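The primary structure of each chain is shown beneath.
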Amino acid sequence: MPAPLKGQRQEQKLDPTSLSFPRIQTTQVSSYDGSAKFVVELWDGHLIEMVLMPEKTRTTLCLSSQVGCARGCRFCNTARLKLVRNLTLAEFSAQIELSHKWMESNRVWAERWRVTSKVTNLVFMGMGEPLDNFDVLTKFLPVAMDQKGFCIAQKNICVSTVGRVDHLYKLHELYPRLPVAISLHAGQSSLRKKLMPIEHEYSLPEIAEFIQMKVLNHRRDPRLLIQVLLMQGVNNLEKHANELLDFLKSTGLPQDRFKKIKINLIPFNSFGESNFVEPDSESVLAFRHTLAQAGLRVMVRYSKGQDIAGACGQLALK
Ligand code: SF4
């Protein structure tokens, strides 16, 4: 039995009669962009987080897939919790149901941010590595997409991973058109190993092969996103942009296909205990320029919910 986490109850023996639906324990709404971060208590007292984000016409839910995470990315707040357990199928669905209930009783939120009171998009970018909870994820996806389920279009669901390549291929076999985001953060192996231990298990050349396959399989939009969290003095310099470019070129894609790769640059948001800090804006623009000049589609995405610690790598039960 794992040691209880700070702020969590001692795990109890399962009493089937005591099983209760997850409940929202606390809510914080960002005055900056309307993102609502929820701490959700599960039947056994463990806590997870989810974030609801109003974006133009979309209402996007950032879901958790595990309590904690085993992957140990150095910059990640969730990693400090280590892995406690996988979420169940019911707990995946409950996050959407709780979001709907919250929006029903907070209609002013949807009106204020001009979005529907229904989850239209899902991103698996909350606590946990979704491809480490693969069986539940692949049972949940049909429920999410089915008209009698949550009726969310496949193109509106994005599974984000730090690069669990074996399950990326399996996911592609099941859902070739499902959007996938790979968190790369470095195009050079030794730096990536320092930031992300998964690089020891699934290395950059294996990720490059997957990218090549995914892009070549779809003539129009391969629905593939490469994410790079930029941290000051760690991976935000010109040489890091060139290393990332070299990595992407190592996929061997012809130029017309190479241009189909989308890159999200995400400036890191500092949080209390973090040793990493946000990059200066000039370096972000220079990084973007280097990639864009090579023909790549690059966006700078400032994480949603910055004032409530609901941004990437910041979910850790604050
Ligand atoms: S960044 Fe994602 S995969 Fe890495 S430790 Fe955090 S939650 Fe896990």
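Keep in mind it's a predicted model, so treat the numbers as computed, not measured. (Residues numbered from 1 in each chain as written. Predicted model: local features only at pLDDT ≥ 70, side-chain atom pairs only at ≥ 80, totals over all residues. Heavy atoms only, no water.)

Engineer: Which parts of the structure should I look at to understand the overall build of the protein chain?
Structural biologist: Within the protein chain, the regular secondary structure consists of 9 helices and 12 strands. Considering the protein chain as a whole, with its 318 residues, one finds that 56% of them fall into the buried category. In the protein chain, of all internal contacts separated by at least 6 residues, the share reaching a separation of at least 24 is 67%. Surface accessibility of the protein chain: about 14400 Å² in total, with carbon and sulfur atoms responsible for 52%. (Helix = DSSP H or I, 4+ residues; strand = E, 2+ residues; numbered from the N terminus. Buried < 20%, exposed > 50% of the residue type's maximum accessible area, 1.4 Å probe, protein only. Contact = heavy atoms within 4.5 Å. Areas by Shrake-Rupley, 256 points an atom, 1.4 Å probe, with all protein chains shown as cover.)

Engineer: What am I meant to see in unusual backbone geometry here?
Structural biologist: For residues besides glycine, phi is generally negative; the peptide bonds are generally trans as well. Of note, K82 is a non-glycine position whose phi angle comes to about 60 degrees, a positive value. With respect to the secondary-structure elements, K82 resides in the loop between β5 (66-68) and β6 (83-86). Judged by relative accessible area, K82 falls into the exposed class, the value being 58%.

Engineer: I would appreciate a short explanation of the side chain of Q227 in the present structure.
Structural biologist: Structurally, the position occupied by Q227 is in strand β10 (residues 224-230). Given a relative accessible area of 5%, Q227 falls into the buried group. Excluding anything up to four places from it in sequence, Q227 contacts M125, S160, A181, I182, S183, L184, H185, N264 and I266.

Engineer: Would you take a moment to explain the packing of aromatic side chains for this structure?
Structural biologist: When we look at a pair of aromatic rings, we describe it by the centre distance and by the angle of the planes. Inspection of the entire model under this criterion finds 7 aromatic pairs. Measuring from ring centre to ring centre gives 5.3 Å for F92 and F140, while their planes differ by 70 degrees; the resulting arrangement is edge-to-face. Placement of the pair is F92 in helix α1 (residues 89-105) and F140 in helix α3 (residues 134-145), with a sequence separation of 48 residues. Across the pair, exposure class does not vary: F92 and F140 are buried alike. Of the residues examined, F140 reaches a relative accessible area of 0% and is grouped as buried. Members of the aromatic cluster, each reached through a chain of ring pairs, are F38, W102 and W109. (Phe/Tyr/Trp six-rings, centres within 6.5 Å; stacked < 30°, edge-to-face > 60°.)

Engineer: Help me out: how do you make sense of the site of the ligand in this one?
Structural biologist: Taken together, C69, R71, G72, C73, C76, A79, G128 and V162 make up the full set of residues adjacent to the ligand. Across the shell around the ligand, the residue classes break down as 5 nonpolar, 2 polar and 1 charged. (Near = heavy atom within 4 Å. Nonpolar A, V, L, I, M, F, W, Y, C, P; charged D, E, K, R; others polar.)

Engineer: Could you clarify how one ought to interpret empty space enclosed by the protein in this entry?
Structural biologist: Over the atoms, a rolling probe the size of a water molecule traces out where space has been left empty. All told, the structure shown has 1 cavity of 30 Å³ or more when counted by the stated rule. Counted as a void, the largest cavity has a volume near 40 Å³. H185, A186, G187, L191, V228, N235, H240, E243, L244 and F287 together form the lining of the largest cavity. Residue contributions to the lining of the largest cavity peak at 3 residues, all from helix α7 (residues 238-249). A class-by-class count of the residues in the lining of the largest cavity yields 5 nonpolar, 4 polar and 1 charged. (1 Å grid on protein atoms, 1.4 Å probe; cavity = no way out; pocket = protein on both sides within 12 Å on 5 of 7 lines; lining within 4 Å. Points joined across faces, edges and corners; volume = space filled by probe spheres on them.)

Engineer: How should the environment of E243 be read in this particular structure?
Structural biologist: Mapped onto the elements of the fold, E243 is located in helix α7. With 55 residues separating them along the chain, E243 and Q188 place their C-alpha atoms 6.0 Å apart. Ignoring anything within four residues of it in the chain, the contact list for E243 reads G187 and Q188.

Engineer: Just to check I follow, could you spell out the side chain of D44 for this structure?
Structural biologist: Structurally, D44 can be placed in the loop between β2 (36-41) and β3 (47-55). Of the polar contacts made by the side chain of D44, one reaches the side chain of H46; its length is 3.0 Å. In terms of polar contacts, D44 uses its side chain to reach the side chain of R85, at 2.8 Å. (Polar contact = N/O pair within 3.5 Å; in protein donor to acceptor, adjacent residues only side chain to side chain.)

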